[in-house]
Amino acid sequence: AAVKAPFLLQETENTFSGPLGKRASFTFDVERQAVDNGSISNGVTLNGATLDPQPFSSVLKTAQRHWLLGPHVDYRIDDNNTLTLRYLYTRAAITDAGIGSFDLISRGSHVVTTFHTGQIGETSIHGTVVNETRFQFFRQSRETDANLIAPEIQVAGSFNAGGATNPYGSDTQNNYEFQNNASTVRGAHFLRFGVRVREQTQASVSPANFNGTFTFTGGLAPALDAFNQPLPEMIAIDSIEQYRRTVLFQSLHYSPDQIRALGGGASQFSIAAGQPGLTVSQFDIAPFLGDDWKIRPNMTLSLGLRYETQTNMRDRGDFAPRLAFAWAPGGRAGKAAKTVLRAGTGIFYDRFPLTNTLAAARFNGVVQQQYVVDNPDFYPSVPAIPALAGFQSVQTIQKVDSNLRAPYIVQSALTLERQLPGHNTLALTYTNSYGLHLLRSEVETAANPVFLMTSDGRYNQNQFIANVNSKLNPAVSLFGYYTLNHAMSNTDGIGTFAANPHDFSGEYGSAATDVRHRVLVGGTISLRWNIRLNPLFTAQTGTPFNITTGEDNYGTTLFTARPGIATDTSRPGLVRTQYGLLDPSPIPGEAILPRNAGRGPGMVNLNLRFSKTWGFGPESGGGGATRSRDAGAAPGPALGVPNNRGLFTQPSTPRKYNLTIAMSGRNLLNHTNPGPIIGNISSPLFGSSNQIAGAPNGEGFLETANNRRLELQIRFTD
């Protein structure tokens, strides 16, 4: 960005708790977040006077407001039964949402999202039997209003203009979940069994793309001289050049055929029509049972079986067995072992999301129709829906494979934990994840494309993880891990299409999760006067990205084709890249670039939190540190080592009142970590990134506009 993006986070969190008579207690949470965030777009547009391509960068302040209210009541019915009631309400409103990457400001929307969560839980204890019954109702509503109602213009990898894809819309999801879990001890056995039942409904009003979308992708075109006259040479032009020629020759009143012959004209026009509103539902059930069998004081065998099934899918045989053991050689009653060996394997299923069912029901050719016109000559006018038949348009349909199976992963792990001298521990872990029936999509036909949601994807991941925990002295503790990872797949989700719908070779390649190396080092350093330092350093190598031609090479209406690896260097239109000489129009027999052949840069991040706590008032008999969470212990023998305190624990004093002032620095080195790499070879920004890497940070917003961030935090506890 030419100027620094604005950012201001004002966050207030309050928790009140106390008794309600002799049998009940309450907690009430109130939170408010006011975020003035920066939305940054980068790309290439045309100079309004000369029509020359020029870089653009826009910085917009995006206001986000978030409220949370959460009362919570615990009521002890009697000595054996406890009732819990909880309600949570959140509301988030964002102005100018959806702007980033290549978007111009006109594409923003106002988005309001509300959440309602109601929970009822009852826990009963009778001897050695503990029974937990829980019911939850969760409702999510999202309303969207576009700032501009107009067709969308996508100049692929250059800029996106016009209105938002969805001019208005709403989506309401209701989730009902019932669980009953019981556990009991029978001799050397710790038994667990229960069931989970869920129902989900989704009512969606989505006139997405009802205003239409023009797409410019670039391609093969005649070279032009300085006076924009054609030369006897064919060259590859990028998307912004195709758009420039369209605007230029239209201003000169050329006919559509003349513009097309000179390399102008949109590559594609698409539009949807029909009924915007639709409601779908889904039900699933999952009973389970498990047994932790303590064969000997130093050996535990864990057995489990889970069954899962759901509607909207014919698959009914989803049995998921699990097996694990933990062995502490040399350990016995009253003596903690210094070594523990753990191993386990199990099958873990994933559900077919309701959003996929909604897409298939909506785009079945009846509820809504999706029309696609290749090489339209009517830009920028949008024809009436009945007139599309005269432009040889095709209608795309989405449907679910009748043989769809539930995706699952067979995960196996082997861990060696060892207590080292000086309060140090080391854990070495090898894991393998083998996935079958993973979701992806195929093009069933090409004349009127049918996009088939299938489950024939596969995934294979091998990881080696080394964890170290060290307590150098009572004031300094460190922890860290290193991960060596290799992951291969032929899908990265339901939106993955084969580059060539008639040839699936080359689809099995690096998975999106194939980050080869990861390192994390953190710790807690307690100084005098209740001062604490919490450093955290993370680094990783780059993630893969897919390289595409940016064109619809196979007539599927999709722009997912990958380039060929050129062998004939005399062919016109070849693109020279760091990955070799690539052919955007592969010829028969030419090798196609494998999926996810690109590799982005790595990431480095250093965080540091400095805090000082003052205690005052009468003594409370407390002291120490309160942990933010307790992850619990894995079944089986455990090493007798001190627990490592959480990274951001809250120090306290023996006094009743505690005041903590802290400064947190995120990305303290101000290191630029690029976001997703642009893999479209028809983009003038191919191989680079136009945004900062970002991820949801748990605070209700996505931060992709700034590198370093400083937070001043004040906390008072009574």
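Residues numbered from 1 in each chain as written. Predicted model: local features only at pLDDT ≥ 70, side-chain atom pairs only at ≥ 80, totals over all residues. Heavy atoms only, no water.

## Re the overall build of the chain
Within the chain, the secondary structure is distributed over three helices and 37 strands. The globule rule puts the C-alpha radius of gyration for 718 residues at 27 Å, and the 29 Å found for the chain is close to it. In terms of its C-alpha atoms, the chain occupies a principal-axis envelope of roughly 90 × 55 × 50 Å. Taking all 718 residues of the chain together, the buried fraction comes to 44%. Contacts spanning at least 24 positions in sequence make up 68% of the contacts within the chain whose residues lie at least 6 apart. For the chain, the exposed area adds up to about 35100 Å²; of that, 58% sits on carbon and sulfur atoms. Taking the average location of the 58 positive side-chain charges in the chain and that of its 53 negative ones, the two points are 13 Å from each other. (Helix = DSSP H or I, 4+ residues; strand = E, 2+ residues; numbered from the N terminus. Rg over C-alpha atoms; globule rule 2.2 N^0.38 Å. Buried < 20%, exposed > 50% of the residue type's maximum accessible area, 1.4 Å probe, protein only. Contact = heavy atoms within 4.5 Å. Areas by Shrake-Rupley, 256 points an atom, 1.4 Å probe, with all protein chains shown as cover. Lys, Arg positive; Asp, Glu negative; His and termini not counted. Charge placed at Lys NZ, Arg CZ, Asp CG, Glu CD.)

## Side note on the sheet that holds strand β29 (residues 564–565)
Taken in spatial order, the three strands line up as β29-β31-β30 in an open sheet, and their pairing is antiparallel. Here the strands that pair on one side only, and so sit at the sheet edges, are β29 and β30 (575–577). Direction of pairing for β29 relative to strand β31 (residues 580–583): antiparallel, over a ladder of two bridges. Bridging across to β31, G564 finds its partner in D583. (Pairing = 2+ DSSP bridges.)

## Looking at the environment of K612
Summarising the element assignment, K612 is placed in strand β33 (residues 603–619). Separated by 340 residues in sequence, K612 and A272 have C-alpha atoms that sit 58 Å apart. Looking at K612, its side chain comes within polar contact range of the main-chain oxygen of W529, at 2.4 Å. (Polar contact = N/O pair within 3.5 Å; in protein donor to acceptor, adjacent residues only side chain to side chain.)

## Focus on the pairing of strand β4 (residues 81–97)
Examined bridge by bridge, strand β3 (residues 53–78) and β4 share twelve bridges and lie antiparallel to one another. In the strand pairing of β4, H66 is matched with A92.

## With respect to the nonpolar core
The nonpolar side chains of a soluble globular protein tend to be buried, and buried together. F216 and Y243 are the most contacted members of the largest nonpolar core, which has 25 residues in total. Counting only elements with at least two residues in this core, the list comes to β2 (24–46), β7 (152–155), β8 (159–162), β11 (213–216), α1 (239–251), β14 (268–274) and β19 (368–374). Residue contributions to this core peak at four residues, all from α1. Setting aside anything within four residues of it in sequence, one finds F216 in contact with I153, Q154, V155, A156, S239, Q242, Y243, T246, G265, A266, S267 and Y379. Ranked by size, the runner-up nonpolar core spans twelve residues in total, among them M313, I347, Y349 and L439. (Core = buried A, V, L, I, M, F, W, Y, C linked by side-chain atoms within 4.5 Å.)

## Remarks on unusual backbone geometry
Peptide bonds are trans in most cases, and residues, glycine excluded, mostly fall at negative phi. Of the consecutive residues Y379 and P380, the connecting peptide bond is found in the cis state with omega at 5°. Following the sequence through the fold, P380 ends up in the loop between β19 and β20 (394–400). We note that T557 has phi near 70°; this positive angle belongs to a residue other than glycine. Examined against the element boundaries, T557 turns out to sit in the loop between β28 (544–545) and β29. For T557, a relative accessible area of 10% gives the class buried. The residue N670 is not glycine, and still its phi comes out positive at about 60°. Following the sequence through the fold, N670 ends up in the loop between β36 (655–666) and β37 (709–717). With a relative accessible area of 35%, N670 lands in the partly exposed category.

## Here's the deal with the confidence of the model for the chain
Of all residues in the chain, 94% have pLDDT values of 70 or greater, and the mean over the chain is 91. This stretch, residues 622–649, has a pLDDT under 50; its non-local contacts, to residues over four places away or in other chains, come to 65 contacts. (pLDDT = per-residue confidence, 0-100.)

## Focus on the pairing of β19
Most of β19 is tucked away, with six of its seven residues classed as buried. Looking at chain direction, β14 and β19 are connected through seven bridges and run antiparallel. Directly across from G274, in β19, lies its bridge partner Q368. Of the strand pairs in this sheet, β19 and β20 are connected by three bridges, and their pairing is antiparallel. The residue of β20 that forms the bridge with Y371 is Q395.

## With respect to α1
For α1, spanning 13 residues, the distance from its first C-alpha to its last is 19 Å, which sits close to the expected 18 Å at 1.5 Å a residue. When you tally the buried positions in α1, you get ten out of 13 residues, the bulk of the element. Among the residues of α1, S239, I240, E241, Q242, Y243, R244, R245, T246, L248 and F249 are the ones counted as buried. Remark: H253 follows α1 within two positions and exhibits a positive phi of approximately 65°. (Expected span 1.5 Å × (residues − 1).)

## Here we look at the side chain of N658
Along the chain, the position of N658 falls in strand β36. N658 gets classed as buried once you look at its relative accessible area, which sits at 6%. Of note is the side chain of N658, whose polar atom sits 3.2 Å from the backbone oxygen of R655.

## Observations concerning the pattern of salt bridges
Scanning the model with the defined rule gives 25 salt bridges in all. Across the pair E241 and R244 runs a salt bridge, and its minimum N-O distance is 2.9 Å. Here R244 and E241 lie together in helix α1, a separation of three residues that amounts to about one turn. Taken individually, E241 and R244 each receive the classification buried, so the pair is uniform in this respect. E507 serves as the salt-bridge partner of R562, at 2.9 Å between the closest nitrogen and oxygen. Residue R562 is located in the loop between β28 and β29, and its partner E507 is located in the loop between β24 (476–489) and β25 (509–510); the two are separated by 55 residues in the primary sequence. Looking at E507, the relative accessible area reads 2%, which means it is buried. Each of the salt bridges in this network shares a partner with another, and the network as a whole consists of R306, E308, D318 and R351. (Salt bridge = Lys/Arg side-chain N within 4 Å of Asp/Glu carboxyl O.)

## Notes on the side chain of N667
Assignment of secondary structure puts N667 in the loop between β36 and β37. Residue classification places N667 among the buried residues on the basis of a relative accessible area of 6%. Dropping the residues within four chain positions of it, N667 is found in contact with V604, N605, L606, N607, N673, N707 and R708.

## Here we look at a nonpolar patch on the surface
A contiguous nonpolar surface patch, about 1000 Å² in accessible area, is contributed by L608, F610, W614, F616, I661, M663, L668, L710, L712, I714 and F716. As for its placement among the helices and strands, L608 is situated in strand β33. Classification of L608 as partly exposed rests on a relative accessible area of 32%. (Patch = residues over 30% accessible without salt bridge, like charges linked within 9 Å, V, L, I, M, F, W, Y side chains within 5 Å.)

## So, the packing of aromatic side chains
Throughout the structure, instances matching the rule amount to 18 aromatic pairs. Taking 5.3 Å as the distance between ring centres and 90° as the angle between the ring planes, the aromatic pair formed by F216 and Y379 counts as edge-to-face. Residue F216 is found in strand β11, and its partner Y379 is found in the loop between β19 and β20; the two are separated by 163 residues along the sequence. Assigned by exposure class, F216 and Y379 land together as buried. Seen from their ring centres, Y349 and Y408 are 5.3 Å apart, and the 50° between their planes marks the pair as tilted. Remark: Y408 occurs in strand β21 (residues 408–420) and Y349 occurs in strand β18 (residues 339–349); sequence separation between them is 59 residues. Y408 gets classed as buried once you look at its relative accessible area, which sits at 14%. One aromatic cluster is present, built from ring pairs that chain together F159, F214, F216, Y243, F269, F378, Y379 and F391. In this structure, R458 is placed above the aromatic ring of Y508, and the distance from its NZ or CZ to the ring centre is 4.0 Å. (Phe/Tyr/Trp six-rings, centres within 6.5 Å; stacked < 30°, edge-to-face > 60°. Lys NZ or Arg CZ within 6 Å of the ring centre and 35° of its normal.)

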